[in-house]
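Single-letter residue listing:
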Amino acid sequence: MAQLRALYSCSVPQISFHGFKKSQGFQSFENNGLKTSSFCQKIGFASSGFCGDHPIIQQGTCKKSNSRVHVIQSILADENGSPSGAVKDFVLNNEEANLSGKTDAYGRPNGSGKRGKLNKVVLAYSGGLDTSVIVPWLRENYGCEVVCFTADVGQGLMEMDGLEKKAKASGASQLIVKDLKEEFVREYIFPCLRAGAVYERKYLLGTSMARPVIAKAMVDVAKDVGADAVSHGCTGKGNDQVRFELTFFALNPELKVVAPWREWEIQGREDAIEYAKKHNIPVPVSKKSIYSRDRNLWHLSHEGDILENPANEPKKDMYVLTVDPEDAPNQPEYVEIGIVSGIPVSVNGKELSPASLLSEVNEIGGRHGIGRVDMVENRLVGMKSRGVYETPGGTILYVAARELESLTLDRETIQMKDTIALKYAELVYAGRWFDPLRESMDAFMEKITETTTGSVTLKLYKGSVTVASRKSPQSLYREDISSFETGSIYNQADAAGFIQLYGLPIRVRAMLEKGV
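Predicted model, so just to flag it, every value in this text is computed and none were measured.

Asker: Looking at this structure, how should I read helix α10 (residues 240-251)?
Answerer: Structurally, the α-helix is built with 3.6 residues per turn, so residues lying three or four positions apart point the same way. Between the first and last C-alpha of α10 there are 17 Å, a value that for twelve residues agrees with the 16 Å anticipated at 1.5 Å per step. Turning to α10, its buried residues are D240, Q241, R243, F244, E245, T247 and F248. Packed against the buried residues of α10 are β4 (120-124), α9 (206-225), β7 (229-231), β8 (256-258) and α14 (411-429).

What follows is the structure in structure tokens.
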């Protein structure tokens, strides 16, 4: 080992321990609860080689010609993952290790590990089992400092509780939390709403929209802390790995990306727990949900367990944001949504910020069982998956925007908008938020909805949303034209000539077939 070679010329291994007298040896450490063999393993020496049953510990000078030596310190962690206070010093040869005086918690120099060399990594951190294990795995395999990052996109206070303590106990140098709720709704959700983006007829893109805002913030944090890499806990089977990494590529192509699920030997929850125990990392102790869930201010998704069989009906107790429509109030509720240029701005006449507005309609829709969707979708990586989504507020806002457009957009524009919306949704689902094509489509959507201003009143009743009223100062609807009563603008006799011309191709083909 490099450590042994660096010490080969010393007559006695020169290791000193802070807080112990010269005459003290390993027995003193054993009395303090640290076994000789375990200590040797922690600093990288086999107990059968460097550390014997009764090693001699003394202070002194290691003589090796034409070499510079450095004393390297690293903190030992107790079984709970907290620093024990015992600091080990050991002498390494600078020419072989090139340490610059810094090591990680495993006794290895920062910037080196089993799989490569990185300086600092920003990890998308949730505080769950996977990301708690990823922290020490990154340090062990890349010898790097780990900065955990958590984005608040409306997942709830419970998921944010105690995150800093968890992150540092796992070995992170710090946890950075950013409140992205307003940005998420204003810059990502509302543009998709304005575009009418729906993936495969049903999915309102809740998770798809959240990933680019989180990844963008990670790129910003990486710049602020001087990180050379970013990491996430997405599996190799899902869509999110693509969404994160395409955003990284678009905003900072020089950042290295580490995806542990595509590299490590961990195969599941039990392996992850075993890894955490092996490295003295405290893991979240909680009842494991039988479902895989993702929650943000727009929606809550459910996957896994019985949902993996499309023939199974979801259980009633699975839902979180919405009551069962059967248990919803027996009286309908009316809600008015105010919209300016395709963007919601008010609820029942009260102007609200984007995030506050969405929270308000989520609560209203949830108590009436609005926004439940059960679908089988095609993942970007090629497989089909079954998911159940709860999007109460989003469903209300989507219906309101669509109904207002029926007043403000003409036929050709609506048809073109609907055509583009399909591709828009595909790009968002595939993680291409920062693709020039999506940005160009968004400019089109913004332009054609300039006149989509007004209000829509919706009736909510036991899971259903129906329109009760539409109003717009930019309405193309003219009662004097549409009325069955005779008017001066529309002469019904003109329809005869229109039909003759419009139906001419059909008439000519029929004449040909009949030999006329």
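Asker: Explain the sheet that holds strand β10 (residues 300-303) to me, please; I cannot follow it from the model alone.
Answerer: Pairing is antiparallel in the open sheet, where four strands are placed in the order β9-β10-β15-β14. The open sheet has two free edges, formed respectively by β9 (292-295) and β14 (372-378), since each of these has just one partner strand. The mean inter-strand angle of the sheet, taken between neighbouring strand axes irrespective of direction, is 25 degrees. Of the pairings in the sheet, the one linking β14 to strand β15 (residues 384-390) comprises seven bridges and is antiparallel in character. Bridging across to β15, E377 finds its partner in S385.

Asker: What is the right way to read the sheet that holds β4 from this model?
Answerer: What links the strands of a sheet is backbone hydrogen bonding, and the strands pair in either a parallel or an antiparallel sense. Strands sit in the order β6-β5-β4-β7-β8 across an open sheet of five strands; the sheet is parallel. At either margin of the open sheet sits one strand with a lone partner, and together these are β6 (174-179) and β8. Strand-to-strand, the axes of this sheet are offset by a mean angle of 25 degrees, without reference to chain direction. Here β7 pairs with β8 via three bridges, running parallel.

Asker: When you look at the packing of aromatic side chains in this model, what are you seeing that I'm missing?
Answerer: Centre-to-centre distance and the angle between the planes together describe a pair of aromatic rings. Taken as a whole and assessed by the stated rule, the structure comprises nine aromatic pairs. Judged by centre distance (6.0 Å) and plane angle (65 degrees), the ring pair of W137 and Y142 falls under edge-to-face. With respect to class, W137 is no different from Y142; both count as buried. Ring-pair connections join several aromatic residues into one group, and the members of that group are W137, Y142, W261 and W264. The ring of W433 is capped by R438, whose NZ or CZ atom sits 3.7 Å from the centre of that ring.

Asker: For this particular structure, what's the right way to read the environment of I343?
Answerer: Mapped onto the elements, I343 comes out in strand β12 (residues 343-347). Through-space distance from the C-alpha of I343 to that of T449 is 8.9 Å; in sequence the pair is 106 residues apart. Ignoring sequence-local partners within four residues, the contact set of I343 consists of F190, R194 and G338.

Parameters at a glance
Residues numbered from 1 in each chain as written. Predicted model: local features only at pLDDT ≥ 70, side-chain atom pairs only at ≥ 80, totals over all residues. Heavy atoms only, no water. Helix = DSSP H or I, 4+ residues; strand = E, 2+ residues; numbered from the N terminus. Expected span 1.5 Å × (residues − 1). Buried < 20%, exposed > 50% of the residue type's maximum accessible area, 1.4 Å probe, protein only. Contact = heavy atoms within 4.5 Å. Pairing = 2+ DSSP bridges. Axes fitted to C-alpha atoms, helices over the stretch in contact; angles between N-to-C directions. Phe/Tyr/Trp six-rings, centres within 6.5 Å; stacked < 30°, edge-to-face > 60°. Lys NZ or Arg CZ within 6 Å of the ring centre and 35° of its normal.

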